[in-house]
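# Reading the structure
The lines below spell out each chain.
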Amino acid sequence: MDQGELLDRLNALLPAQFDELVFRLGVPAQWLSQGSPQTTKAVEVLQYLTRQGRLEELGRRLHWDRALPAGPAASSATTVTASATAQDALYRPETRVSPLPANHTIVPGVLTVPNNLPARRRFVGRTAELNALFLALMRAPAVSVVQPTSFYGLGGVGKSALALEFCYRKGTLFPRGVWWVRAEGRPAEALARLLPELRRIGPPDVRDLLGRLGQDAPTSEVAEAIRHALQNQPGSSLLVLDNVDSPEWDLMLPGGDVRVIITTRERRCALGESNQLDVLSPSDAITLAEAIAGPVPNEAERAARERVVTERLDGLAIAVDVAARTVRAWKVLWTWYEAKLTNAEPVLRDPDLAKEYPHDVCAVLDLPIERLPVGSPQRRFVEAAALFAAHAVPLDWVMTIADVDLRRVEVEILPALSGSGLLSVEPGRRSVSMHNLFRQRVLVAMVDEQRKSMVRLAAQCVRRWLMDNVDETRIVDVDARCPHVRALLGLLDECDDDATWVDIALSFATHLRYCAEYLAASEIMFAALEHEKRIVPRRSAGLSSCLSNLGAVLVNLDRIAQARAMLEQALATDEEEFGPKHLRVADHMSALATVVLREGNPSAARELLERSLEITVAFCGWEHASVATDLSNLAMIARDLGDLAGARALLKQSLEIIERLFGSSHSKVARRLYNLALVLREQGETLEARRSLERAVAILERNYGPAHPSVVACLVSLSGILETLGDHTAAADCGRRAAAIREGRAGT
């Protein structure tokens, strides 16, 4: 009895079926890794039953000796089935591996080094390419698998499949882990998405270093910490950057003994040694089709299959895969399928895709979509997923937009979709993915008004989620959804819903500011301002919010003159709309005071802050964060004007308010402690200043991690104070830590 096939069948079960089977088998709970994905638990179940000699019982419970149930009939694409055949596109790694000796503790077919690889796919041929990739990796640390323009300039040729197969075949050469990153978009955002998996299953030293990161660490810091953690560990590891579309990855690649594979559509994004990847050879294309759809019964069918996969589809891997899955799922003959392609009209024709793909490739992708009845739960589910970026779409968003519950998704929708290969599912991450070509075809298939209606639903869902989740303590969670927000904003441009576009953009730009992505935030805010200006009748509050947020981002970018113009316009707009004593007016005054102070006019800045403070206290009382902010800013102006006693009193008052509101360990407390230390030092109270700075450093390191840039200023000031106190060793240590953070070598 083949253990590899047993493992495949375990992975093919729905989560509820898997849990029930584990219960019936009596596998102890402590034997399973709690919170791990089903693929990991399946390995653990197999290990437990192997030790007990109960594999035959497992085979019986999985109905091993019975033929697989028939797939969905050609007339019903929505037949519900729990068979492995119906679900292998979603859950099962399609491999067949001979069992190891009975006394071997490693389960066959499973990569035994730490990894976060997707499920293994059906793979044929490509021996020369795999060998070339292996040799290139041994020669140089970075290898790119590139698809040139002769392959239509689009995906689907099999780059990701090649990289994935290499990982499974050669992964044991990299004992420190094999890490897969979906690398579309900004490099820092993509690399930061690896954080949860490295924290969970990375080597101990990597987990330890990344465990010091605060929950609200900005994206750039998370990416740098991951890079440092990977490059400073002993031993080899492999990093796969899948579908790179930015040439800026050269600044993010880890050094040390980390080998890198890059898949990309564009040669300009390749790094290291580049290898062009061709379409499948005729023999490999036929072998792949047979592996998926099964053997053909006669010569006519053999000839039809050969014409379809080698001539009409030209060996394009994604098209061959989809065609074979369709033949298998619909239980049709290749002659019928060939005729269907011949008669297929380009009803879903997209001019942009038509320039680069032949008609038959588009038709192959369109047939499984056309098969889903318009308005059916399956069709709505696919359409909802297509509104976002292709990979790792949050399942909760898709279910909300499609108006389906989790049970229906698991029991009805996913099994019905699995035969076509339209979607893949990552159960542990509660997300769904589809090939980008499928995504484009689904969007083209939607009627304009229907697409706009669904986009508006999606926009309301995302708007609510961002309002609830954008916060300095949720940076990693929001970061993971950034590509989907960008994709939705692009579609929302077509819907003439400027108000919702602006609401989403404001929240998104706020998140980007938390991540110190100031340039990206400014681009979003300039676009939001243009959308806001198109809204009729004019929304004064919306316009002032756009201007104020844009002004704040421009301050971060040191574009002070532009920032002042935006903030003054925001102030004038709200004074006209709400009167001079409104809380919104106070917020604008406080922001404008920062700009005026940067321009070197502390007296004018103090006047603005005093007016802001008066309004805020009148509205909210003294126990309010905005009051504490104004007091802190007034304190620093008093310090600049030589009033150290006044500055100290204001800072202590601000600190007490913040501690009552947020507790004694909040990052806002650290900022005030740092400012207080500056004043104390100038007053000659060096020991008190040292205590304030040491407490500030501890808070910042606990909240943001030891490598955060905000720690640098505290360390530099603390080093100076320690030097004054004669503690030269401690002073030198603080100086080295600050220098390491500045140079990007923290933790080395």
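Rules used in this analysis
- Residues numbered from 1 in each chain as written.
- Predicted model: local features only at pLDDT ≥ 70, side-chain atom pairs only at ≥ 80, totals over all residues.
- Heavy atoms only, no water.
- Helix = DSSP H or I, 4+ residues; strand = E, 2+ residues; numbered from the N terminus.
- Buried < 20%, exposed > 50% of the residue type's maximum accessible area, 1.4 Å probe, protein only.
- Areas by Shrake-Rupley, 256 points an atom, 1.4 Å probe, with all protein chains shown as cover.
- Phe/Tyr/Trp six-rings, centres within 6.5 Å; stacked < 30°, edge-to-face > 60°.
- Expected span 1.5 Å × (residues − 1).
- Pairing = 2+ DSSP bridges.
- Salt bridge = Lys/Arg side-chain N within 4 Å of Asp/Glu carboxyl O.
- Axes fitted to C-alpha atoms, helices over the stretch in contact; angles between N-to-C directions.
- Parallel < 35°, antiparallel > 145°, perpendicular 65-115°, else oblique.
- Left-handed = near helix turned anticlockwise from the far one by under 90°.
- Contact = heavy atoms within 4.5 Å.
- Nonpolar A, V, L, I, M, F, W, Y, C, P; charged D, E, K, R; others polar.
- Core = buried A, V, L, I, M, F, W, Y, C linked by side-chain atoms within 4.5 Å.
- pLDDT = per-residue confidence, 0-100.
- Polar contact = N/O pair within 3.5 Å; in protein donor to acceptor, adjacent residues only side chain to side chain.

When its secondary structure is counted, the chain shows 36 helices and eight strands. The proportion of buried residues among the 748 residues of the chain is 54%. In the structure as shown, the chain presents an accessible area of about 31200 Å², 51% of it carried by carbon and sulfur atoms.

Time to look at the packing of aromatic side chains. Applying the stated criterion across every chain yields a total of three aromatic pairs. Between the aromatic rings of Trp-334 and Tyr-337, the centroid separation amounts to 6.0 Å while the plane-to-plane angle is 80°, which identifies the pairing as edge-to-face. Residue Trp-334 and its partner Tyr-337 are located together in helix H15 (residues 334–343), separated by three residues, close to a single helical turn. The buried category is assigned to Tyr-337, whose relative accessible area is 0%. Relative to Trp-465, the ring of Trp-397 has its centre 5.6 Å away and its plane inclined at 85°; by these criteria the two rings are edge-to-face.

Time to look at helix H36 (residues 728–742). Taking 1.5 Å as the rise per residue, H36 with 15 residues should run 21 Å; its terminal C-alpha atoms sit 21 Å apart, in good agreement. Residues of H36 that are buried include every one of Ala-731, Cys-734, Ala-738, Ala-740 and Ile-741, and no others.

Time to look at the pairing of strand S2 (residues 178–182). Along S2, five of the five residues are buried, which leaves the element largely enclosed by surrounding structure. For S2 and strand S3 (residues 237–244), the ladder comprises five bridges, and the chain directions are parallel. In the strand pairing of S3, Trp-180 is matched with Val-240.

Inspection of the entire model under this criterion finds 33 salt bridges. The closest approach of N and O atoms between Asp-321 and Arg-325, which form a salt bridge, is 2.8 Å. Within this pair, Asp-321 and its partner Arg-325 are both found in helix H14 (residues 317–330), separated by four residues, close to a single helical turn. Arg-325 carries the same exposure label as Asp-321, and that label is buried. For the salt bridge of Glu-685 with Arg-648, the shortest nitrogen-to-oxygen distance reads 2.5 Å. Of this pair, Glu-685 sits in the loop between helix H33 (667–682) and helix H34 (686–704) while Arg-648 sits in helix H32 (residues 644–662), and the two are 37 residues apart along the sequence.

What follows is about unusual backbone geometry. Here Val-536 and Pro-537 are connected by a cis peptide whose omega angle stands at -5°. With respect to the helices and strands, Pro-537 occurs in the loop between helix H26 (518–533) and helix H27 (540–556). Phi is positive for Asp-403, which is not a glycine, with a value near 60°. Along the chain, Asp-403 falls in the loop between helix H19 (395–402) and helix H20 (406–418). We classify Asp-403 as exposed; its relative accessible area is 64%. Located in the positive-phi region is Asp-558, a residue other than glycine, with phi close to 60°. By the element assignment, Asp-558 lies in the loop between H27 and helix H28 (560–578). The exposure class of Asp-558 is exposed, given its relative accessible area of 53%.

Quick look at the pairing of strand S4 (residues 258–264) now. Here is the key point about a regular strand: its side chains alternate between the two faces of the sheet. For S4, the buried fraction is high: six of the seven residues fall into the buried class. Sheet topology places S3 next to S4; six bridges connect them, and they run parallel. From the neighbouring strand, Leu-238 faces S4, where its bridge partner is Arg-259.

This next bit is on the environment of Gly-705. Position of Gly-705 among the secondary structure elements: in the loop between H34 and helix H35 (709–724). Judged by its relative accessible area of 0%, Gly-705 is buried. Along the chain, Gly-705 and Leu-210 lie 495 residues apart, while their C-alpha atoms are 8.5 Å from each other.

Bringing helix H24 (residues 482–492) into the picture now. Most of H24 sits inside the fold, with eight of its eleven residues counted as buried. Within H24 the residues assigned to the buried category are Cys-482, His-484, Val-485, Ala-487, Leu-488, Leu-489, Leu-491 and Leu-492.

For any two helices packed against each other, the geometry is given by the interaxial angle and the distance between the axes. Here H24 crosses helix H25 (residues 498–514) at 155°, and the two axes come no closer than 11 Å. In terms of orientation, H24 lies roughly antiparallel with respect to H25. Crossing of H24 over H25 shows left-handed handedness. Together, Cys-482, Val-485, Arg-486, Leu-488, Leu-489 and Leu-492 of H24 and Thr-500, Trp-501, Ile-504, Phe-508, His-511 and Leu-512 of H25 make up the contact between the two elements. In terms of residue class, the contact of H24 with H25 is built from nine nonpolar, two polar and one charged.

Another point: the side chain of Ser-717. Tracing the backbone shows Ser-717 in helix H35. Discounting chain neighbours no more than four positions away, the residues touching Ser-717 are Tyr-674, Leu-678, Arg-681 and Leu-693.

Judged by nonpolar contacts, the single largest core of 178 residues is most densely connected at Leu-238, Trp-334, Tyr-337, Phe-381, Leu-387 and Phe-388. Broken down by element, this core gets its largest block of residues, ten residues, from H14. The residues contacting Phe-381, other than those within four sequence positions of it, are Leu-395, Val-398, Met-399, Ala-402, Val-404, Val-409, Ile-413, Leu-414, Leu-417, Leu-423 and Val-432.

Let us now look at the confidence of the model for the chain. Model confidence for the chain is summarised by a mean pLDDT of 79, while 84% of its residues fall at 70 or above. Residue range residues 146–154 is modelled with pLDDT below 50. Its contacts to residues more than four positions away, or to other chains, number 34 contacts.

This brings us to the packing of helix H10 (residues 204–211) against helix H11 (residues 219–231). Packing of H10 against H11 brings their axes to within 9 Å, and their N-to-C directions diverge by 155°. Overall, the two elements H10 and H11 adopt an arrangement that is roughly antiparallel. Crossing hand, H10 versus H11: right-handed. Taking contact as the criterion, the partners of Val-206, Leu-209 and Leu-210 in H10 are, on H11, Ala-225, Ile-226 and Ala-229. Grouping the amino acids of the contact of H10 with H11 by side-chain chemistry returns six nonpolar, no polar and no charged.

Before going further, it helps to examine the side chain of Glu-165. Examined against the element boundaries, Glu-165 turns out to sit in helix H7 (residues 159–170). Once you skip the residues sitting within four places of it in the chain, Glu-165 turns out to touch Arg-120, Arg-121, Phe-123 and Leu-130.

When you line up the elements, Gln-683 lands in the loop between H33 and H34. Of the residues examined, Gln-683 reaches a relative accessible area of 29% and is grouped as partly exposed. The spatial distance from the C-alpha of Gln-683 to the C-alpha of Arg-648 is 9.5 Å, given a sequence separation of 35 residues. Discounting chain neighbours no more than four positions away, the residues touching Gln-683 are Leu-644, Ala-645 and Arg-648. A polar atom in the side chain of Gln-683 sits 3.1 Å from the side chain of Arg-648.

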